[in-house]
Amino acid sequence: MATMKLQRKEFQEQALAALAKYLDASRQIGVPQAFRRETGRPYSTEPFGEHVPCVCLRIPTGGGKTVLAARAVPVIAEFYGGGDAPLVLWLVPSDAILTQTLNALKTDGHPYREQLAKQYGSRLLVCALDDAPTIAPTDWGMRAIVIVATLQSFRVEETDKRRVYSFSEQYENHFRSKTDFELQALNALPDALVTQADLADAERSKMLAAYLGRPKHSLANWLALQRPIVIVDEAHNAKTDKSFTTLARLNPAAILELTATPVPGKANVIYHVSAQQLQAESMIKMPIMLAEHKDGWEKAVLAAIQTRGALADAAVKEQSAGRGYVRPIVLFQATNENGDVPPEKLRAYLQNELKIASDEIAVATGTTRELEDQDLAAPSCRIVYIITVQALREGWDCPFAYVLCSLQNLSSATAVEQLLGRVLRMPYATARGEAALNRAYAHVCEANTGYAAKALADRLVDTMGFDPLDVAGLLMSVDTNSPQLPLDGGDWQAQAVAREQAVVTPLTVALPTDAALPECAAERINASGEREVVLRGFVTVEAAATLVASAKGAKQKATLQQDIERHNAVALAASSPANLGLLFAPIPRLAFRESAQGELQLLEREEVLAEVELDLLSAHAIEIGRFDMAAAPETFEISTDENSGRVSYHRADAAQIPMNYGATQLAATDVARWLVQLLYEKLNFLTQRERMAYFTAVLQHLVDTHRHSIGELAEARYLLARRLVDKVESLRSDACKTLFKQAVLDEGWSLGLDWTAPFEFKPTVYPASAGSRYSGRFKFKRHYYGAIIADLRDEGEEFNCATEIDAHPNVKSWIRNLDFAPGFWLPTSRGKFWPDFVAELNDGRMAVIEYKGAHLRAEPYEIEKRAVGSLWAAKSAGRCVFDFVFKTGDNGENMSEQVKRLLAHR
């Protein structure tokens, strides 16, 4: 498949924003304190203590961990690790992944490298660990260096056998440039100093004797002196004591872990991407249409081939419509040689019984490697059936894989999650026009109803990084009595009543024969003649308590509770309006006309800003305040403003700016040029000439009026950049506020609602991050997306407002609005206002509600938002309603009374 430019994804922006916000806070209030403030969870200090941030981005299979890691490097470097010339140790779990990652990061034009090159340009240097000695001493600290290695390369239990820890004369010039004060940082690190044991080597004892008790001139020591940023791919493999010791030996400035399955209690997850976010960005196919075949493996194989045939027809239509080439592929998971269906038996069956051409089949096992040198994305390639057993080679990828057919027992099948991950990936990361091509498919051999669904659900959660709530949208069981899977998803509306009850989950825990079972649980005899208990439909809190109480032992009770929670997540979502295929009513947008007879155009803040002229060279514009700086021999501190704490920086950070750093040679224009490049995207509405003129004027003002030296301002360049962005935004907001009131709130422009191009909530697009979703026990009955509810706690006034909306008889369905695209928004002078709740009413109207704490009632911007919402409703001719809801309303009404009045049937 041809290399494509990667478009930035909203979930990546959110993850990076969460990371930046945390790192910024950690520099001011401390690493553990910042984590608790940002996540509400305690920070695990093991093993790096309270001063080295070690956080995790949890990204499920198919989420693009590598590109996110590349984009995270400049973010981390701004706060920890040198800013303009960081050293990055990029640790991967295996040699195969090392080769793949290294090639990608070294190849010009590859999307992974482009993320770094965009920031560092020609100063970017990528190499393998073995090539690190070839880096010139002058490059360290002046270029952005990325060293890719395996974690095993640094294992410290046998440092004498690893060259990275060995004394090498190659680094003599490197260490000569360091002061004794700087070298002291190595004294506390294991095996960092030359000892008597090192002198035992007769060949080297004479050379090393002069260094006894001093730091070894080794690569490991040199890296430790640089305080590297450490990126750990597949970080769940690095949560052992040996790995902790290894990472600590590297003396990192910060550690970023990326994994789908972080180790509970040891990983500090700062952001968790959900399946819905990946689907919204067309990264994965959803749902997985799962068919359980009870009548032998031959039926599963035939059904998989029939499914592929239907998909191939859809692919032809897709290509004819100009939407690109796709060749759907089936991944067969055969059994081992001693099983019922080993690879060659399956190949023979496909060729002899089903008349599949031999060049359409490839076997990929440990001994047979027919995929090597094959370009599966090439139209000339004829392979559409791939047979494997345990796993395809690491790094192998083919988004053309659409159908998984496993002939193994899923509860014990090896590497099924790896194969499942292959069929989940979306070709070209682009939604297809043919609906069938936006889904994945699975055919499995299973005699007991619910076994395969539970096994796949467990794999999705436990080893692929998805949340139990994700499973509800990821898996859809279908009826195998049909000759092939219903590619259109079936008539969901007709199944609405029975959908929740159709969710069946066999319990992992064996309950006593005399256990009292609630209505949602029943006994059955499985295909093996064994008694078991299955759950059917939603399990209430009371029923769950009864079941858990009947289990023996703490471990069994915990397992049973997990089974119930996962079952309920699927049961709740199964009957949600979105999963039933029902459409949420469209919502008109606020629009304007440029002339009385003109067409309605979407009203955005940018339309108002287009009429605003900024004077960036005025005295007010160039005044951004003084930087309160306190210098020390090796560090300096900067107070970002009068209300914040002080942020400590190492002098090394300041030295890593790509310009001549001599105080007599550094000019305001040098720093201004650096700022122009850094703020290209954030201030892209200004031309390069405008940015250069403004930054130069601000810098000169700081020198002339506040008596800062250019050197000081260069040291504070990142804080300076943030203050400049804030200042420009403040200037724009002030200018926009006046015109927005005149043009919009006072209706100086011709305004109306556009019903022809309304906003729409799509049934399959609700990208709430996994970490922000509602997880309480209260069961909302009318939420459009079922149990998946964005950014809602299980207590508090906003939660109470949600329960009032859910209980109102005039509410058909409602949505907890997102505060980012694709949520519904209204324009304001500051940007977009995302109301808290949107409801479709039974009387045909649309209701938009914003909950506000009483302390914000008189805040000017909140008054503006309320005015915009009221204007939107007023333009609807009674078809829309809007208001703010407070704990106590304007007329003394309580919250319940306000909601009832607003939603009452007209």
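Computed from a predicted structure; not experimentally measured.

(A) A look at the packing of helix α24 (residues 688-704) against helix α26 (residues 717-745). Packing of α24 against α26 leaves a shortest axis separation of 12 Å and a crossing angle of 115 degrees. When the interaxial angle is binned, α24 and α26 end up roughly perpendicular. Crossing angle aside, the handedness with which α24 passes α26 is right-handed. Here α24 contributes Tyr 694, Phe 695, Val 698, Leu 699 and Leu 702 to the contact with α26, which in turn contributes Leu 720, Leu 724, Lys 727, Val 728 and Leu 731. Residues belonging to the contact of α24 with α26 are distributed by class as follows: 9 nonpolar, no polar and 1 charged.

(B) Local environment of the packing of aromatic side chains. Tallied over the full model, the rule gives 30 aromatic pairs. Centre to centre, the rings of Trp 674 and Tyr 718 are 5.2 Å apart; their planes meet at 85 degrees, and the pair counts as edge-to-face. With Trp 674 in helix α23 (residues 668-678) and Tyr 718 in helix α26, the pair connects residues that are 44 residues apart, well separated along the chain. In this pair, the class of Trp 674 matches that of Tyr 718, namely buried.

(C) Inspection of the pattern of salt bridges at higher detail. Under the counting rule described, the total for this entry stands at 46 salt bridges. One connected set of salt bridges, linked through shared partners, spans Lys 454, Asp 458, Asp 462, Asp 563 and Arg 566.

(D) Quick peek at the sheet that holds strand β18 (residues 587-593). Judged by pairing direction, the sheet is antiparallel, and its 3 strands sit side by side in the order β19-β18-β23 without closing on themselves. The sheet terminates laterally at β19 (601-602) and β23 (750-759), the two strands that pair on one side only. Two strands pair when backbone bridges link them, and β18 and β23 are joined in this way by 6 bridges, in the antiparallel orientation. Of the residues in β23, the one forming a bridge with Phe 592 is Leu 751. Those strands touched by helix α28 (residues 860-874) are β18 and β23, and its axis lies near 95 degrees from that of β18.

(E) Local environment of the side chain of His 293. If you trace the backbone, His 293 turns up in strand β8 (residues 288-293). In this structure the side chain of His 293 is engaged in a polar contact, spanning 2.8 Å, whose partner is the side chain of His 443.

(F) Seen up close, the sheet that holds strand β9 (residues 329-333). Spatially, β10-β11-β9-β12-β13-β8-β14 is the arrangement adopted by the 7 strands of the open sheet, whose pairing is parallel. Looking at the sheet topology across the chains shown, the edges are occupied by β10 (361-363) and β14 (475-477). The mean angle between the axes of side-by-side strands here comes to 20 degrees, regardless of whether they run parallel or antiparallel. As judged from the 5 bridges shared by β9 and strand β12 (residues 401-406), these two strands associate in the parallel manner. Bridge pairing in β12 places Val 330 opposite Val 403.

The rules we used
- Residues numbered from 1 in each chain as written.
- Predicted model: local features only at pLDDT ≥ 70, side-chain atom pairs only at ≥ 80, totals over all residues.
- Heavy atoms only, no water.
- Axes fitted to C-alpha atoms, helices over the stretch in contact; angles between N-to-C directions.
- Helix = DSSP H or I, 4+ residues; strand = E, 2+ residues; numbered from the N terminus.
- Parallel < 35°, antiparallel > 145°, perpendicular 65-115°, else oblique.
- Left-handed = near helix turned anticlockwise from the far one by under 90°.
- Contact = heavy atoms within 4.5 Å.
- Nonpolar A, V, L, I, M, F, W, Y, C, P; charged D, E, K, R; others polar.
- Phe/Tyr/Trp six-rings, centres within 6.5 Å; stacked < 30°, edge-to-face > 60°.
- Buried < 20%, exposed > 50% of the residue type's maximum accessible area, 1.4 Å probe, protein only.
- Salt bridge = Lys/Arg side-chain N within 4 Å of Asp/Glu carboxyl O.
- Pairing = 2+ DSSP bridges.
- Polar contact = N/O pair within 3.5 Å; in protein donor to acceptor, adjacent residues only side chain to side chain.

By themselves, these observations are geometric and do not establish any function.
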